[in-house]
Amino acid sequence: MKHSNRKKKKSGKHSKKAVIIIISIILAICLALGGGFVFWKMTQREPTTRDNHIQVATQTVEKDEKILIRTEAGQDPVYINAIEGMPKNSYDDNGFYTDDYGFKAYSHNGKEISSVGIDVSYIQGDIDWKAVKASGVDFAMLRCGGRGYGSNGILYKDETFEKNAQEALDAGIDIGVYFFSQAITVEEALEEAEYTLELIKDYDIKYPVAFDWEHYEFDDARTDTLDRETLTNIARKYCTEIEKAGYTPVVYANRSLLYYEYDLAKLADLEVWLASYEDLPDFYYDFGMWQYSTEGTINGIEGTVDLNICMYKY
């Protein structure tokens, strides 16, 4: 009986140890899963409108990553610090080619995913949009208006916008718009956004609404002394108001503006319309549209016109 009792006590101790071990394992697994979930949440960026439009998955910039950049064709490249977490340009240079109409196109996994576009203003004059459509154009970015260079910074409507918008849509061409900004305060950016929304409210805008801020280099301009932080806040305000109204905002700029004059870390969720006039798009970060020429010629337009390719799906 004594031997039998010792066995029972020993068995009970083993059972308690087994329970403790099992509980410890379960806790360790839970902690590991919980920590993994927390780490995953920390490394995930918030969803953006870009996620609804991209067709080529992007990687993001890693910590302490340096990149070699140029802002002008033929310029000696320089190293700068990349912006951690920014989506990278993930396009394969070999995927760009010239289509049957003579425009740039892009193929991903053996399938053409790009669309052909132009951007126009009053400078192009009277446009035969049916001829433009027959030339292979899918979309057009129309200047809807802008702000003057002078000290008063008067807002104006592009005199051809309404005609171009209606006739392009009638010809089966999708449209987006751009506003030529010369804002110098966040309050003026809000004014420009509200003016843009009023101009475009009666049209089916499928492509983005672009914030186009540029330097005026031929004379004194109201924007000459604008600093980086203010310019970034201006772009953010304009784009926020456009997005609140249900449109897709995009920032139009060349590489110099994007690398040096905007604080891109504060605009990381916004889409980019890149202006770069070379055979391939030499820009480190992600972009959806690329204006690759200012010297295009198309049936239906007298003179030259800007040419664009879009890899996002709108």
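Right above here is the structure, for reference.
Description of the structure in this document. Keep in mind that what you see is a predicted model, and the values were worked out from it rather than measured.

## Some thoughts on the nonpolar core
In globular proteins that are soluble, nonpolar side chains generally tend to be buried together. One finds Ile118, Trp129, Val132, Phe161, Tyr238, Tyr262 and Tyr285 to be the most contacted residues of the largest nonpolar core, which totals 81 residues. Those residues in contact with Phe161 that sit more than four places away from it in its chain are Leu142, Arg143, Cys144, Val177, Leu199, Ile200 and Tyr203.

## Structural notes on helix H4 (residues 186-200)
Within an α-helix, residues lying three or four positions from one another point in the same direction, as the helix has 3.6 residues per turn. Between its first and last C-alpha, H4 extends 21 Å over 15 residues, near the 21 Å set by a 1.5 Å rise per residue. The complete set of buried residues in H4 reads Glu188, Ala189, Glu192, Ala193, Thr196, Leu199 and Ile200. Taken down its axis, H4 places every buried residue within 145 degrees of arc, on the same side. Buried residues belonging to H4 abut strand E7 (139-147), strand E8 (155-157), helix H3 (161-170), strand E9 (174-181), strand E10 (205-213) and helix H5 (228-244).

## Comments concerning the pattern of salt bridges
As enumerated under the stated definition, the model contains 20 salt bridges in all. When the shortest N-O distance is used, the salt bridge between Lys201 and Glu198 registers 2.8 Å. Lys201 gets classed as partly exposed once you look at its relative accessible area, which sits at 48%. In this structure, Asp282 engages Arg255 in a salt bridge whose closest nitrogen and oxygen atoms are separated by 3.4 Å.

## Let's talk about the packing of aromatic side chains
Tallied over the entire structure, the rule returns 22 aromatic pairs. Considering the side-chain rings of Phe179 and Tyr195, the 6.4 Å spacing of their centres and the 85 degrees angle between planes classify their relative orientation as edge-to-face. Of the two residues, Phe179 is situated in strand E9 and Tyr195 in helix H4; the sequence distance between them amounts to 16 residues. The exposure class of Phe179 is buried, given its relative accessible area of 0%. Ring-pair connections join several aromatic residues into one group, and the members of that group are Tyr91, Phe96, Tyr106, Tyr259, Phe283, Tyr284, Tyr285, Phe287, Trp290 and Tyr292. Over the ring of Tyr292 we find Lys104, and its NZ or CZ is 5.5 Å from the ring centre.

## A look at the sheet that holds strand E4 (residues 104-108)
The antiparallel open sheet is built from three strands, whose spatial order is E3-E4-E5. The sheet is open, and its two edges are formed by strand E3 (96-98) and strand E5 (111-112), each paired on a single side. The pairing of E4 with E5 spans two bridges and is classified as antiparallel. Counted as the bridge partner of His108 is Lys111 from E5.

## Re H5
An ideal rise of 1.5 Å per residue puts 24 Å on 17 residues; H5 measures up with 24 Å between its terminal C-alpha atoms. Taken together, the buried positions of H5 are occupied by Leu231, Thr232, Ile234, Ala235, Tyr238, Cys239, Glu241 and Ile242. Against E9, H4, E10, strand E11 (249-254) and helix H6 (255-261) lie the buried residues of H5. Here H5 starts with a cap whose side-chain oxygen sits 3.2 Å from the backbone nitrogen of Glu229, and that cap is Asp227. Following H5 by one or two positions, Gly246 adopts a phi angle in the positive range, close to 100 degrees.

Parameters at a glance
Residues numbered from 1 in each chain as written. Predicted model: local features only at pLDDT ≥ 70, side-chain atom pairs only at ≥ 80, totals over all residues. Heavy atoms only, no water. Core = buried A, V, L, I, M, F, W, Y, C linked by side-chain atoms within 4.5 Å. Buried < 20%, exposed > 50% of the residue type's maximum accessible area, 1.4 Å probe, protein only. Contact = heavy atoms within 4.5 Å. Helix = DSSP H or I, 4+ residues; strand = E, 2+ residues; numbered from the N terminus. Expected span 1.5 Å × (residues − 1). Arc of directions from axis to C-beta. Salt bridge = Lys/Arg side-chain N within 4 Å of Asp/Glu carboxyl O. Phe/Tyr/Trp six-rings, centres within 6.5 Å; stacked < 30°, edge-to-face > 60°. Lys NZ or Arg CZ within 6 Å of the ring centre and 35° of its normal. Pairing = 2+ DSSP bridges. Polar contact = N/O pair within 3.5 Å; in protein donor to acceptor, adjacent residues only side chain to side chain.

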